[in-house]
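Coordinates in review
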Amino acid sequence: MVDFNQGLSLADALARCHALDNAGLYWFEEPIVYNNLSGYAQLARELQTPLQIGENFYGPRAIHDALAAGACDYVMPDLMRIGGVSGWLRAAPVAAAARIQVSTHLYPEVAAHLMRVTETAHWLEWQDWADPILKEPFAVKNSCLEIPDLPGIGIEWDEAAVTRYRH
């Protein structure tokens, strides 16, 4: 998986991604600015390596627009930008109807729960950034996140750590 984080012009993305197309990569993630759907559609048409976009989708309609434009092979909404849990629950069926796999971007402690109800769930992007302020961080075993059987989203804050890091 290669994330260009919107750092390339369309011309550079075409050149670099074509050069890497036979490298056995799983996907190219957001090589150009997020709202250039016509550029993404061109990349998706020309490249063999799948194209992943979506961490900058602002609301469920953005997934529809990207899929209608043929702008990607996979989507990875960001929980905050897509509209929280409600936005996710509205966006995931749009991807499922198009048979597009959905991965997550950030907020894994919440996104993991949403992946359980996402028909075309793909990859959970994991980072342990919240671990220092959680009473019990989620365990990762055999490359899989173990969601605790606790109320709500299953997290409790370590108040002493929150206080310590606040200053």
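In what follows, the accompanying structure is described. (Residues numbered from 1 in each chain as written. Predicted model: local features only at pLDDT ≥ 70, side-chain atom pairs only at ≥ 80, totals over all residues. Heavy atoms only, no water.)

A word on the pattern of salt bridges. As enumerated under the stated definition, the model contains three salt bridges in all. Ionic pairing is found between arginine 81 and aspartate 78, a salt bridge with its closest N-O pair at 4.0 Å. Classification of arginine 81 as partly exposed rests on a relative accessible area of 24%. The class of aspartate 78 is buried, set by a relative accessible area of 1%. (Salt bridge = Lys/Arg side-chain N within 4 Å of Asp/Glu carboxyl O. Buried < 20%, exposed > 50% of the residue type's maximum accessible area, 1.4 Å probe, protein only.)

Below, the discussion takes up the packing of helix 1 (residues 10-20) against helix 2 (residues 37-46). Describing two packed helices takes the angle between their axes plus the distance from one axis to the other. Axis separation between helix 1 and helix 2 bottoms out at 11 Å; the angle between their running directions is 20°. Between helix 1 and helix 2, the interaxial angle falls into the category roughly parallel. The two elements helix 1 and helix 2 meet at a crossing, and its hand is right-handed. When helix 1 is examined against helix 2, the residues Leu10, Ala13, Leu14 and His18 are found in contact with a partner set consisting of Gly39, Gln42, Leu43 and Glu46. (Axes fitted to C-alpha atoms, helices over the stretch in contact; angles between N-to-C directions. Helix = DSSP H or I, 4+ residues; strand = E, 2+ residues; numbered from the N terminus. Parallel < 35°, antiparallel > 145°, perpendicular 65-115°, else oblique. Left-handed = near helix turned anticlockwise from the far one by under 90°. Contact = heavy atoms within 4.5 Å.)

Moving on: the packing of helix 3 (residues 60-68) against helix 5 (residues 84-97). The geometry of helix 3 relative to helix 5 is characterised by a closest axis approach of 8 Å and an angle of 15° between their N-to-C directions. Between helix 3 and helix 5, the crossing angle belongs to the class labelled roughly parallel. For the pair helix 3 and helix 5, the sense of crossing is right-handed. Between helix 3 and helix 5, the residues in contact are Pro60, Ile63, His64 and Leu67 and Gly87, Arg90, Ala91, Val94 and Ala95, respectively. Partitioning the contact of helix 3 with helix 5 into residue classes produces six nonpolar, two polar and one charged. (Nonpolar A, V, L, I, M, F, W, Y, C, P; charged D, E, K, R; others polar.)

Let us look at helix 1. Regarding helix 1, the residues found buried are Ala13, Leu14 and Cys17. Along the long axis of helix 1, the arc covered by the buried residues comes to 100°, so they all point the same way. More than 90 degrees from the buried face of helix 1, the exposed residues found are Ala11 and Ala19. Buried residues along helix 1 sit in contact with strand 2 (28-29) and helix 2. (Arc of directions from axis to C-beta.)

This part is about the sheet that holds strand 4 (residues 74-75). Within a beta sheet, neighbouring strands are joined by backbone hydrogen bonds and run either parallel or antiparallel to one another. Taken together, the five strands give an open sheet; going across it, the order is 1-2-3-4-5, and neighbouring strands pair in parallel fashion. Every interior strand has two partners, whereas the edge strands, strand 1 (2-3) and strand 5 (101-102), have only one. Pairing of strand 3 (residues 51-53) with strand 4 involves two bridges; the strand directions are parallel. When the sheet's bridge partners are listed, glutamine 52 is paired in strand 4 with tyrosine 74. (Pairing = 2+ DSSP bridges.)

Take it as geometry only, folks, not as evidence of what the structure does.
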